[in-house]
Amino acid sequence: MKSGIVVFPGSNCDHDVYHVLKHVLGQEVVFLWHQEETVKGCDLVVLPGGFAYGDYLRAGALAALSPVMAAVKKHAEAGGLVLGICNGFQVLLEAGLLPGAMRRNKDLRFLCRDVYLKVERSDLPFTRRFKPGQVVRMPIAHGEGNYEDGPAALDQLEAAGQVVFRYVAPDGTRSEEWNPNGSARAIAGIVNARGNVLGMMPHPERCAEMVLGNADGLELLAGVVESAVAVGAAR
Amino acid sequence: MRAGKSFDIRLATDDPAEAERLLRAICEKLLANTVVEEYAVELAPPAAAASAAVGDPFP
């Protein structure tokens, strides 16, 4: 199982993901520079957090047009796993690999804090280690995480079961008070229809070791690794 | 309330139809995120465009 972490100019969580995959989970990991035209045979491609291309124009807009994203699209079309975290989620939206768009947070402030998430889908390669409806805690750090799409598109997203994570209270109930950025329907993470491309605003790589106080994120990354091993074996 | 961005773009063509086609393509592909944004294109002849620009971005 080989993972590739895309590095755009301005990515700043690339080494965090690398550390967890390589040193905590013992996997083979390479960095994929934004000018690469292939994903170098990786089973899993991670688009990390940061401020790709300085977030000029819109978060993720310029990164979506970089050479490596054409390769990531091919990888996704072939059924390969893609995980976009924070800025990586924004890039996936701008690249059209996931539906919808991000607006500024509802109070226009950059938010850096822990949030509680309800796991709406535990049957995905990314969430297989979670229980249905489980509430987990992960940190967010973003200024543009206010997920938006038209009402019909949101209905379709829900009907298709593509909402994977929602912002909730610690007891799992939904309220605007616990929806930090104002996202439509408290959406914190979504998956494509095929189930192999996940975008999420929270940072699992920042909560993957108990020495840092929280390892909820490790369950996600370890689950992805297990799935990628299975997908790779099936190829 | 409406907030947005405006871009002054100088093109290497004086064909209005070609200019409009190019600008719409640029908006669709990059400048506007049509999931949450709308865009409008206005054409100006080169001389008018230069004088209308706030500080000529192409000196």
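Residues numbered from 1 in each chain as written. Chains lettered and ligands numbered in written order. Predicted model: local features only at pLDDT ≥ 70, side-chain atom pairs only at ≥ 80, totals over all residues.

A closer look at the pairing of strand S10 (residues 187-191) of chain A
Residue and element names in this part refer to chain A.
So, step 1. With respect to burial, S10 is a largely interior element, 5 of its 5 residues being buried.
So, step 2. Looking at chain direction, strand S9 (residues 163-168) and S10 are connected through 3 bridges and run antiparallel. Bridging across to S10, Val 163 finds its partner in Ile 190.
So, step 3. The antiparallel pairing of S10 with strand S11 (residues 197-200) creates a hairpin that spans 5 residues between the two strands, and Gly 195 there sits at a positive phi of about 90°. (Buried ≥ 20, exposed ≤ 12 C-beta atoms within 10 Å, placed from the backbone. Helix = DSSP H or I, 4+ residues; strand = E, 2+ residues; numbered from the N terminus. Pairing = 2+ DSSP bridges.)

Some points on the interface of chain A and chain B
So, step 1. Every contact between the two is made by 9 residues of chain A and, on the other side, 4 residues of chain B.
So, step 2. Across the side of chain A that touches chain B, the residue classes break down as 3 nonpolar, 1 polar and 5 charged. (Contact = placed C-beta atoms within 7 Å. Nonpolar A, V, L, I, M, F, W, Y, C, P; charged D, E, K, R; others polar.)

Focus on the confidence of the model for chain B
So, step 1. Per-residue confidence for chain B gives a mean pLDDT of 84, with 75% of residues at or over 70.
So, step 2. With a pTM of 0.93, the predicted complex shows an ipTM of 0.83. (pLDDT = per-residue confidence, 0-100.)

A look at the nonpolar core
Residue and element names in this part refer to chain A.
So, step 1. Membership of the largest hydrophobic core comes to 78 residues, with the highest contact counts inside it found for Val 6, Val 46, Leu 83, Leu 92, Leu 117 and Val 224.
So, step 2. No other element matches the 6 residues that helix H5 (residues 216-234) contributes to this core.
So, step 3. Contact partners of Val 224, with chain neighbours within four places excluded, come to Leu 44, Leu 81, Leu 83, Pro 125 and Phe 126. (Core = buried A, V, L, I, M, F, W, Y, C linked by C-beta atoms within 7 Å.)

Considering the environment of Gly 172 of chain A
All names here are of chain A.
So, step 1. Residue position: Gly 172 is located in the loop between S9 and S10.
So, step 2. Separated by 39 residues in sequence, Gly 172 and Gly 133 have C-alpha atoms that sit 7.9 Å apart.
So, step 3. Setting aside residues no more than four positions away along its own chain, Gly 172 makes contact with Lys 118, Gly 133 and Val 135.

So, the sheet that holds strand S4 (residues 81-85) of chain A
All names here are of chain A.
So, step 1. Pairing in this open sheet of 9 strands is mixed, and the strands run S2-S1-S3-S4-S11-S10-S9-S6-S7 from one edge to the other. Edge positions in the sheet fall to strand S2 (28-33) and strand S7 (135-142), since each of these pairs with one other strand and no more. Here the strands of the sheet are splayed against their neighbours by 25° on average, with no regard to which way each runs.
So, step 2. As paired elements, strand S6 (residues 111-119) and S9 share 4 bridges and run antiparallel to each other. Note on S9: the bridge partner recorded for Leu 117 is Tyr 167. (Axes fitted to C-alpha atoms, helices over the stretch in contact; angles between N-to-C directions.)

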